[in-house]
2 protein chains.
Amino acid sequence: MNARLTVATNQTSRVKIVVIGAGFAGLAAVRALRNSNADITLVDRNNHHLFQPFLFQVATSILEPAEIATPIRSLLQEMPNVRVEMREATRIDLSRRVVVMNEGGNLAYDILVVATGAQTSYFGREAEWAPHALGLKSLGDAITARNRLLKAFERAELEPDRRKQARDMTVVVVGGGPTGVAITGTISEFIRRTLASDFRNIDLGKARVVLVQSGSKLLPAFSEQHSAYAARALEDQGVEVKLGVPVTHVDATGVVVGDEHIAAATVLWCTGVQGVALARTLGAHVKPDGTVAVLNDLSVPGHPECFVIGDAAHVIGPDGRPMPGLASVAQDQGRYVGRLIAARLANTAHSKPYESFTPSKLATISRHVGVAEFRGRSIIGFPAWLLWGLLHLRILSGGGHARLSILGNWVRLLTTYRRSGRLIVEPSELGAGRGGYAPAINEIAEDTAIWRR
Amino acid sequence: MNARLTVATNQTSRVKIVVIGAGFAGLAAVRALRNSNADITLVDRNNHHLFQPFLFQVATSILEPAEIATPIRSLLQEMPNVRVEMREATRIDLSRRVVVMNEGGNLAYDILVVATGAQTSYFGREAEWAPHALGLKSLGDAITARNRLLKAFERAELEPDRRKQARDMTVVVVGGGPTGVAITGTISEFIRRTLASDFRNIDLGKARVVLVQSGSKLLPAFSEQHSAYAARALEDQGVEVKLGVPVTHVDATGVVVGDEHIAAATVLWCTGVQGVALARTLGAHVKPDGTVAVLNDLSVPGHPECFVIGDAAHVIGPDGRPMPGLASVAQDQGRYVGRLIAARLANTAHSKPYESFTPSKLATISRHVGVAEFRGRSIIGFPAWLLWGLLHLRILSGGGHARLSILGNWVRLLTTYRRSGRLIVEPSELGAGRGGYAPAINEIAEDTAIWRR
């Protein structure tokens, strides 16, 4: 155990709260503890809170990383009782009340909040499929997706072999949920409108954008009408929508959908999430998908001092099904647990169980079209897109500057199809500043370029 | 040779111009050929034109990549006679008039413009020093520098060992020219102002920022008065300025300056440039520093069809010394050569030799202080900073949107010390979308993290 921390706990009699994960859930929990008399440690492997709902817009060059992510430290500057630690936890030891870290001292707690979120699931084929089918969960993923997409078209422009050229000009998105629909529509628009006038050799009208959905309709959580509208809107933009066919294989050449091999240089994986590995170390009560079944106060059975919230938690909603992985749900659960802990610390009665709710459903299809089920009403087209944009901008953490910046980019896109940063940026090799044009040494990184670890 | 290109050349009788490098020089040359009746191919290994003078502001989280870089294709959309190719040249064959590429077909030319720029020089110690002392020439370099700096302070916050903590909190900048001075002042301000209120454990006032200059004064090209002012301004900000001491060793622990070992987690290398390897393949007339000696029309002796311009060229200025590596110089040479070629193509007389000039000298020291020698006048302090900012904004390629965005960030920095994006962003490993908090698998990349190739 970390000597410093033990000392600190002995010196002060303040309760030690550890929150793992600075997503919507973890941040809301910490903020609800604003006035509590406790030492709070917020641990995250990144130094920023990420506004995941806009991640697909970074992947498609509409927004920049700084517009959708904020340093965790700057979000919590006003809370002197919060320590932020950028590091990784490997295991939770419930009996000893210790979070085991991958380096440095471990972290002892009196109360633990696990808000570790979800990660992409490849249904057991991660090792084979993940290198070729990019998931979209972090800023790094979004930048990698952007680089891959842009490099594929740069290659196509130079490629004399028609077959290889066609592969470079094909994008397959797997998964017809809100993320898959949003990114497919945006990519199709990006290729056919923004990139169209950039190239001399290739005809961007011939680019293929394919959306593959194993279920029988897009946006499964939405009404039939909305699903049909989304499919039509995508097809109007030239997207091939394939319903009711599962992906059976993914490799460097593309994907196999049912019996059909689709040669594609860019494959995005927007289906399947699972709880992250850390939550699985909670042992019992972990569902097969890695989420953790919790009691009605969101604590782990037998451990009233350990809460699991957000995408990591398995919480049944009013409709009898698990609550969806939405920002609004995560924030609501974080606030609930934060207030519950604050009340316990203040010895105030608070035994109200968590009340699940049915969140509004919002999906964007392209730069100006969406569908929504909002307060019982069905909304379609531009009003739904506008609602999606405004409701999300409202909960963005970056403050007025980021909101203004995003609005500016959207208005520009709506009026001109221009996008700010379709840049291919890759961290430099070996730290050498080789500017200008440095031939031969620094090859264009291949699709599979990854960080050496 | 590339079959397609040969066919294309046979089919059309248009002159084939190849420009290598889309920096200030190459872009100016291409633009000057706007109305020419020639097929122009612009080759660059990046897909963007980079505004290098602002690169240090990306490294220090003031600006974002999209604000200082523009896709080459979008800059040249209006010129249908220009093809942009994102790929790498390895060799120039002057006798066969062919640019040899690292992949795909080679590129035959009738007229060649080499605008390959400069890269960081480690005075023959590249293999040993470059991994530890980061140069600043590309967007990738700037992002890597930003990541390293931010990660060092995140580590320091967690580090119980005082000696290691002090190393993490030390930054050494090697080189006291305009880039070294600008980045040192900006980093010191960044640490002491922007980051100061972020951390709980470490006292940012104890961070060390050291500027090492082997010569006897900072800003060697400036007057004594300006050099002294820069040193004083930096020292007022808590920078240790070391003059007249060479760096004799660099490794993972830090640098050796004269006889003193300075333990430092972040070392930036802002001294020494050399022409890139491609220019060296021009054979004769290559200077030891890799730049190419040219005739007074900027062509290579014996090859009136091959021009070398910008940082890659060795051109003597009015003061008898090589012209400095500035945007204004590169643009001027690019324009000259572009017009010369256009006149030759139109069979117009144009034998005027290139007229070198003495460019204005501008240096920024911190977010509101600079020194300048502008049209024979000496300017110091805020007016010099303002002049630096406005003159550079004027030549920025990104258009009104980027200018406005940069101005907004500067005003915010001037008034609040806030910076937009102090984010640590690294491309994802293996393409797997592991969101939320994914422990153990994805370690915080080490300092030495590089792309696997």
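Residues numbered from 1 in each chain as written. Chains lettered and ligands numbered in written order. Predicted model: local features only at pLDDT ≥ 70, side-chain atom pairs only at ≥ 80, totals over all residues. Heavy atoms only, no water.

Here we look at the overall build of chain A
A tally of regular secondary structure across chain A gives 14 helices and 26 strands. Once local pairs closer than 6 in sequence are excluded, the contacts in chain A between residues at least 24 apart make up 64%. (Helix = DSSP H or I, 4+ residues; strand = E, 2+ residues; numbered from the N terminus. Contact = heavy atoms within 4.5 Å.)

Things to note about the confidence of the model for chain A
Residues and elements named next belong to chain A. Averaged over all residues, the pLDDT of chain A equals 86, while 89% of them reach at least 70. Confidence drops under a pLDDT of 50 for residues 1-11, and excluding neighbours within four residues, the segment shows 12 contacts in the predicted structure. Throughout residues 429-453 the model reports pLDDT below 50, and contacts reaching past four residues in sequence, or to other chains, amount to 107 contacts. (pLDDT = per-residue confidence, 0-100.)

Points about helix H10 (residues 224-236) of chain A
One turn of the α-helix equals 3.6 residues, which is why residues spaced by three or four share an orientation. Residue and element names in this part refer to chain A. The terminal C-alpha atoms of H10, which comprises 13 residues, lie 18 Å apart, in line with the 18 Å expected from a rise of 1.5 Å per residue. For H10, every residue scored as buried is listed here: His-226, Ser-227, Tyr-229, Ala-230, Ala-231, Ala-233 and Leu-234. Taken from the residues just after H10, Gly-238 is the one with a positive phi, measuring 90°. (Expected span 1.5 Å × (residues − 1). Buried < 20%, exposed > 50% of the residue type's maximum accessible area, 1.4 Å probe, protein only.)

Section: unusual backbone geometry
Residues and elements named next belong to chain A. Positive phi values are uncommon outside glycine, yet Leu-298 reaches one of about 65°. The residue Leu-298 is located in the loop between strand E20 (292-293) and strand E21 (299-300) in this model. In this structure Leu-298 comes out as buried when scored by relative accessible area, which is 1%.

Quick look at the packing of helix H2 (residues 24-32) of chain B against helix H12 (residues 327-345) of chain B
Residues and elements named next belong to chain B. Closest axis-to-axis distance for the H2/H12 pair is 7 Å, and the angle between their directions is 30°. When the axes of H2 and H12 are compared, the pair comes out roughly parallel. The two elements H2 and H12 meet at a crossing, and its hand is right-handed. Within the contact between the two elements, H2 uses Phe-24, Ala-25, Ala-28, Ala-29 and Ala-32 and H12 uses Ala-327, Ala-330, Gln-331, Gly-334, Arg-335, Gly-338, Arg-339 and Ala-342. In the contact of H2 with H12, the residues fall into eight nonpolar, three polar and two charged. (Axes fitted to C-alpha atoms, helices over the stretch in contact; angles between N-to-C directions. Parallel < 35°, antiparallel > 145°, perpendicular 65-115°, else oblique. Left-handed = near helix turned anticlockwise from the far one by under 90°. Nonpolar A, V, L, I, M, F, W, Y, C, P; charged D, E, K, R; others polar.)

Things to note about helix H9 (residues 178-194) of chain A
With 17 residues, H9(A) extends 23 Å between its outermost C-alpha atoms, agreeing within 8% with the 24 Å of an ideal straight helix rising 1.5 Å per residue. Burial of H9(A) is extensive: 13 of the 17 residues sit out of reach of the surface.

Considering the pattern of salt bridges
Residue and element names in this part refer to chain A. If you walk through the whole model with that rule in mind, you get 34 salt bridges over all chains. Ionic pairing is found between Asp-332 and Arg-335, a salt bridge with its closest N-O pair at 3.9 Å. Taken together, the positions of Asp-332 and Arg-335, both in helix H12 (residues 327-345) and three residues apart, correspond to about one turn of that helix. The class for Asp-332 is partly exposed, based on a relative accessible area of 21%. (Salt bridge = Lys/Arg side-chain N within 4 Å of Asp/Glu carboxyl O.)

Here's the deal with the sheet that holds strand E7 (residues 98-101) of chain A
Taken in spatial order, the three strands of this open sheet run E6-E7-E8 (chain A), and their pairing is antiparallel. The open sheet has two edge strands, strand E6 (89-93) and strand E8 (107-108) of chain A, and neither has a second partner. (Pairing = 2+ DSSP bridges.)

Structural notes on the pairing of strand E16 (residues 254-257) of chain A
Residue and element names in this part refer to chain A. Note that strand E15 (residues 247-251) and E16 share four bridges and pair antiparallel. The residue of E16 that forms the bridge with His-249 is Val-256. Hairpin connection between E15 and E16: a loop of two residues separates the two successive antiparallel strands. Bridge count between E16 and strand E17 (residues 260-263): four bridges; the pairing is antiparallel. By the bridge assignment, Val-257 is partnered in E17 with Glu-260. Following E16, the chain reverses through two residues before pairing antiparallel with E17; Gly-258 in that reversal takes a positive phi of roughly 60°.

Quick look at a nonpolar patch on the surface
Residue and element names in this part refer to chain A. A contiguous nonpolar patch, built from Phe-382, Leu-386, Leu-390 and Leu-414 and spanning about 320 Å² of accessible area, is present on the exposed surface. Top element by residues in the nonpolar patch is helix H13 (residues 382-395). It accounts for three residues. By the secondary structure assignment, Leu-390 is in helix H13. (Patch = residues over 30% accessible without salt bridge, like charges linked within 9 Å, V, L, I, M, F, W, Y side chains within 5 Å. Areas by Shrake-Rupley, 256 points an atom, 1.4 Å probe, with all protein chains shown as cover.)

Regarding the packing of aromatic side chains
All names here are of chain A. Using the criterion set out here, one finds 26 aromatic pairs over all chains in the structure. Both rings, one in Phe-24 and one in Phe-51, keep their centres 5.5 Å apart while their planes meet at 75°; by these two values the pair is edge-to-face. Linking Phe-24 in helix H2 (residues 24-32) with Phe-51 in the loop between strand E3 (48-50) and helix H3 (55-59), this pair joins segments that are 27 residues apart in sequence. What links up through ring pairs into an aromatic cluster is the set Phe-24, Phe-51, Phe-54, Phe-56, Phe-382, Trp-385, Trp-388 and Trp-410. (Phe/Tyr/Trp six-rings, centres within 6.5 Å; stacked < 30°, edge-to-face > 60°.)

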